[in-house]
Structures are given as structure tokens and as C-alpha cells.
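A closer look at the structure
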Amino acid sequence: MEITPADKLNNAIKSLFDRSYANGLLLLIMVIIAMVWANSGFHESYEHFFHSNFTIGFEGFSLTEPVHIWINDGLMAIFFFTIGLEIKKEFLEGELSTIKKASLPIFAALGGMVVPALLFFSFNYGTEAQNAWGIPMATDIAFTLGLIGLVGTAVSDKLKIFLTALATADDLGAILVIAFFLTPFIDMQSLIAGGAYLFVMVLANYLGVRNMWFYIVVGVLGLWIALLLSGIHATLAGVLGALTIPATRKIKETEYQNKLKSWVAEFDDTCSGTDKLLTHKQEKILSKIHKSTKRAGTPLQRVEHKLAPFVNYFILPLFALTNAGVRIEGNFMDMVLHPISLGIITGLVLGKVIGITGMSYLLIKLKFSEMPDGANWKSITGVGIFAGIGFTMSLFIAELAIKNADLLAIAKVGIITASIIASLLGFAWFALIKNKTKNKEKLALT
């Protein structure tokens, strides 16, 4: 069959988005677009578009909020839903499933949260922004994993798993900060209603309900709206809802294998060797395979797989476009050297690597944990440097923690600057490791 130009373009696009760095690259492009747009002659259209009201619902039952609120509180709830799925998966069978596995990434993440928070607080103690210490605590898992994919073989698969577990624990810490420190008021009636909806979802999981539409309807129309009205940030509904999604199979692996072999053999017997329509028997066989395949998988992994492209290539880039557009008025260096910006830059660029590497060193030397396979202190340090890319989560926390528009703009400049510095330092660090390894190999051959 002849490959058309359209097929070539489609294959090229698919190949690009299959790359591990694709989502990180797309986020970077959106940051550039947002900054250029916000500082161009069309900057008013940027503000107008994202701050214009948008209504969802119908007369008598509707919600009207600015576009940026729908993105930050609505669409980002889906992002936090995938974070919740990842957290549950890691605790069930991943790198956080046992104390031995979990100790290093959890405590490394803890070090990578506490040290940056203290550094930020030291820069801003006694100021209006002192309670925004949560901003440099977070690591952007999508951006970090996307960019670290560009490093190649310098980062082993085991080290990437360690980084994923660390960033997952880091995200859990950021979620707790939002829940306990960035909630301005609580409406108990709505909170109790949210608790009731959450209980219904937990009960449904216990009773074996696997229909995702049930969890979507109760989670969105019940839990999300209740938390939105309660004063607790609505994105937490995403995390809580994710923890109720079933993670069990209805059919055991061996049973599925045996049935599949039988059905494939039966399908082979009915094949005529032509491309005609399927027979009734073939349709029945395919239907059985489809139903059993769904029962052999877990709803948690199925929904995570389906949501990943939507989150990585739509929600996060849209969030970046919405929140990274900082208008630079006055001296840019004055914004960078402001205590808020300096606290964020110091916290993310220095605090992350000091906290992660220092805590990892302490745990491994005391024999509470083991060094990940294929890792050494140089690569652990490199991971700590890359963890200073706070971007999405840091921007999200900044929006909640700082209400003054001028100070928020300074914070965003600090976050973007710190994330760029951390990215460049991370690439430079691993390039240095690669060069040293190559030189050693050359010397060994001579």
C-alpha cells in the first residue's frame, strides 16, 4: 500500500508525541507563547480572555466563573485525579508499596520539601509573603520526567523510577499543604456533603462497582461541587476520587490467558482468508475477548492510560498558557532579585538538591535504605538538580498562596527563572558525567 503525504505527517506527529520529552517540550512552548503574548501589544487580549466569565449548567443550576478559574479549579482537578491514581498505584505495587522501597523516595522528597520551604521562609520572614513557603516545595513531575528523557542513557530506568516515586511523594506533600495551609474558610455543611459522596464512592469500590461512569457522575456532580462550595480547594476532589477507583481484576491472569488462547484458536478456525465482513460467530468471539480483556485489567490502570494524553497534551499545556503569562513592567532584574523571587529560586535550585541528596545520603549511610540499581551519588545529585523544576505545581500553589497581583507576578517570574536554571544545570551536570565516563573508557582502552 502506498504511503501518502498525509500518512507520513500523521506518523511523524505520532512519533513525536511518543517521545518521552514531548510533554515537557510542549509545556516549554506554551510558557514561551504565554510570556510573549502577555508582553506584546496584545497583552490586554490575554488578560481579557482568561478573566472573562464562562457559565456551565442551565437556568436554576449553573456555575459562572472566569475562564482561568475553570482551568485552575476544574481541569486541574483531572490532573490531580491522575496524580491520585499514580499515588495509589505506587502504594499498591510500585516504589512506595513496601517500607524498604518507600523509605528512600519518601524521605528524599521530605528533605526536598523542608529545605526549600525553610530557605524561602528565611528570605520572606515578616513579609506579606512569608506564608507562601509551599511554593518551592513542589516538583513538576511531567516537566521533569519529560526533560530528563532528553538526557538519554545517563539516567538509568531504575533512577527514573526513583525520580517518579520521589515526585509522587512530593506531589502528595504539596496536596497536604494545599489542604491544611491554603484553605481560607470551611463551609461545614458542604464539607459533610462531600464526605458523604466520598463514602458512597468508597462503598461502591468495596461492593465491586467497576463502571467508571458511576465514579465520574458521583465524583464530579457530588464530590467536586461539594468541595468547591466548602472552601477546600476543589482539585483535592480529584485526588480523593482517584483513591476510590478499583484496582483489582475480575479475572485472574492465568484464566484470561487460557480463555484468550481458546478464543484465538476458535477465531482462526473461522477465518476464510478474505477481507469480507465478519461472520456472526467471529463477532461473538471478538465480543467475548473485549469483555474479558476489560475484566482482566484494572479500572485504575485503564482510566489512567486513557487520561494521560488528555492531561499531558491538553490540560497541562493549557494551564501553562493560562498562568505563565507574566507581564514584565519595570526592571526585570528587580523582580528576579525581590525576596519572593530569590526565596523561590534559592529554594528550588539549591534547596531541592541539598534536601534530596542530603536526606538520601543520610538514609543510605545509616543503612535504612539502599542505593537504587544503576545509580551513584553523581546521578542522585543530578536527579536532585532536575527536581528543582517546580513549574506546574509551584505556579498552582502560588495562585492559592499569594493574592496580591504584583507579588504573584514576582513569584511567577521566580518560578519560571528557577525552573529554567534547574533544567540547564541538570543537563550540564549529566553532560559532565557522560564526558567523564567516555574519557575513562578511552583511557581504559589505551
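Scroll up a little and you will see the structure.
From a predicted model like this one, the values you see are computed outputs, not experimental measurements.

A few words now on a nonpolar patch on the surface. Nonpolar side chains collect at one region of the surface, where Leu25, Leu28, Ile29, Ile32, Ile33 and Val36 lie side by side and expose about 490 Å² of accessible area between them. Looking at where valine 36 falls in the secondary structure, it is placed in helix 2 (residues 22-38). Here valine 36 falls in the exposed class, since its relative accessible area comes to 54%.

The next point concerns unusual backbone geometry. For residues besides glycine, phi is generally negative; the peptide bonds are generally trans as well. The phi torsion at lysine 367 lies on the positive side, around 65°, for a residue other than glycine. Topologically, lysine 367 is positioned in the loop between helix 15 (339-365) and helix 16 (377-386). Look at lysine 367 and you get exposed, because its relative accessible area is 74%.

Right, let's get into the nonpolar core. Here is a general trend for soluble globular proteins: nonpolar side chains tend to be buried in one another's company. One finds Phe79, Phe80, Ile135, Ile340 and Phe391 to be the most contacted residues of the largest nonpolar core, which totals 90 residues. Per-element tally for this core: the top contributor is helix 18 (residues 405-445), with 12 residues. Not counting residues up to four positions away in its chain, the partners in contact with isoleucine 135 are Ile344, Ser394, Ile397, Ala398, Ile402, Ala411 and Ile415. Core analysis: the next-biggest nonpolar cluster, separate from the first, contains 20 residues, Trp70, Tyr215, Val218 and Ile245 among them.

The terminal C-alpha atoms of helix 9 (residues 212-230), which comprises 19 residues, lie 25 Å apart, in line with the 27 Å expected from a rise of 1.5 Å per residue. Helix geometry: helix 9 is bent most strongly at glycine 219, by close to 40°. What helix 9 keeps buried is the set Met212, Tyr215, Val218, Gly219, Gly222, Leu223, Trp224, Ile225, Ala226, Leu227 and Ser230. N-cap assignment for helix 9: the residue whose side-chain oxygen lies 2.8 Å from the backbone N of tryptophan 213 is asparagine 211. One or two residues past the end of helix 9 sits glycine 231, with phi positive at roughly 105°.

The next subject is the side chain of serine 230. Position of serine 230 relative to the elements: it lies in helix 9. The class of serine 230 is buried, set by a relative accessible area of 0%. In contact with serine 230, other than residues within four places in its own chain, are Phe185, Ile186, Asp187, Ser190 and Leu191.

Empty space among the atoms becomes visible once a probe the size of a water molecule is rolled across them. Of the pockets and cavities examined, the largest pocket occupies roughly 1200 Å³. Taken together, 40 residues form the lining of the largest pocket, with Ile78, Tyr215, Ile216, Gly219 and Val220 sitting closest to its centre. Sorting the residues of the lining of the largest pocket by element identifies strand 1 (53-58), strand 2 (61-66), helix 4 (67-93), helix 9, helix 10 (235-242), helix 12 (280-296) and helix 13 (299-323) as the ones contributing at least two each. Examining the composition of the lining of the largest pocket, we find that 11 residues originate from one element, helix 9, more than from any other.

Overall, the coordinates contain 14 aromatic pairs when judged by the stated rule. Residues tyrosine 46 and phenylalanine 50 carry aromatic rings whose centres are separated by 5.1 Å and whose planes lie at 65° to one another, so their mutual orientation is edge-to-face. In this pair, tyrosine 46 and phenylalanine 50 both sit in helix 3 (residues 43-51), four residues apart, roughly one turn of the helix. Note on tyrosine 46: relative accessible area 3%, which makes it buried. Using a relative accessible area of 2% as the deciding quantity, one classes phenylalanine 50 as buried. Aromatic pair tyrosine 361 and tryptophan 377: ring centres 5.3 Å apart, planes at 55°, arrangement tilted. With a gap of 16 residues between them, tyrosine 361 in helix 15 and tryptophan 377 in helix 16 connect regions that are remote in the sequence. Aromatic rings pair up to connect Trp37, Tyr46, Phe49 and Phe50 into one cluster.

Mapped onto the elements of the fold, cysteine 271 is located in the loop between helix 11 (253-270) and helix 12. Under the relative-accessibility criterion, cysteine 271 is labelled partly exposed at 39%. The spacing of cysteine 271 and glutamine 282 is 11 residues in sequence and 8.4 Å in space, taken between C-alpha atoms.

One pass over the full model with this rule turns up six salt bridges. Here glutamate 86 ties to lysine 89 by a salt bridge, and the two come within 3.8 Å at their closest N and O atoms. A residue pair is termed a helical-turn pair when its members lie 3 or 4 positions apart in one helix, as glutamate 86 and lysine 89 do in helix 4 at three residues. A relative accessible area of 28% places lysine 89 in the partly exposed class. Between aspartate 170 and lysine 352 there is a salt bridge, with the nearest N and O atoms lying 2.5 Å from each other. Linking aspartate 170 in helix 7 (residues 157-181) with lysine 352 in helix 15, this pair joins segments that are 182 residues apart in sequence. With respect to burial, aspartate 170 and lysine 352 carry one shared label: buried. Through salt bridges with shared partners, a single ionic network connects Glu86, Lys89 and Glu304.

Before going further, it helps to examine the packing of helix 8 (residues 188-207) against helix 9. For the pair helix 8 and helix 9, interaxial distance at closest approach is 7 Å and the crossing angle is 160°. For the element pair helix 8 / helix 9, the angle class is roughly antiparallel. The two elements helix 8 and helix 9 cross, and the hand of that crossing is left-handed. Every residue of helix 9 that contacts helix 8 at Ser190, Leu191, Ala193, Gly194, Tyr197, Leu198, Val200, Met201, Ala204 and Asn205 is listed here: Phe214, Tyr215, Val218, Gly219, Gly222, Leu223, Ala226, Leu227, Leu229 and Ser230. Among the residues forming the contact of helix 8 with helix 9, the class breakdown is 14 nonpolar, six polar and no charged.

Each value, and the rule that gives it
- Residues numbered from 1 in each chain as written.
- Predicted model: local features only at pLDDT ≥ 70, side-chain atom pairs only at ≥ 80, totals over all residues.
- Heavy atoms only, no water.
- Patch = residues over 30% accessible without salt bridge, like charges linked within 9 Å, V, L, I, M, F, W, Y side chains within 5 Å.
- Areas by Shrake-Rupley, 256 points an atom, 1.4 Å probe, with all protein chains shown as cover.
- Salt bridge = Lys/Arg side-chain N within 4 Å of Asp/Glu carboxyl O.
- Helix = DSSP H or I, 4+ residues; strand = E, 2+ residues; numbered from the N terminus.
- Buried < 20%, exposed > 50% of the residue type's maximum accessible area, 1.4 Å probe, protein only.
- Core = buried A, V, L, I, M, F, W, Y, C linked by side-chain atoms within 4.5 Å.
- Contact = heavy atoms within 4.5 Å.
- Expected span 1.5 Å × (residues − 1).
- Bend = angle between axes of the 7 residues up to and from the residue.
- Polar contact = N/O pair within 3.5 Å; in protein donor to acceptor, adjacent residues only side chain to side chain.
- 1 Å grid on protein atoms, 1.4 Å probe; cavity = no way out; pocket = protein on both sides within 12 Å on 5 of 7 lines; lining within 4 Å.
- Points joined across faces, edges and corners; volume = space filled by probe spheres on them.
- Phe/Tyr/Trp six-rings, centres within 6.5 Å; stacked < 30°, edge-to-face > 60°.
- Axes fitted to C-alpha atoms, helices over the stretch in contact; angles between N-to-C directions.
- Parallel < 35°, antiparallel > 145°, perpendicular 65-115°, else oblique.
- Left-handed = near helix turned anticlockwise from the far one by under 90°.
- Nonpolar A, V, L, I, M, F, W, Y, C, P; charged D, E, K, R; others polar.

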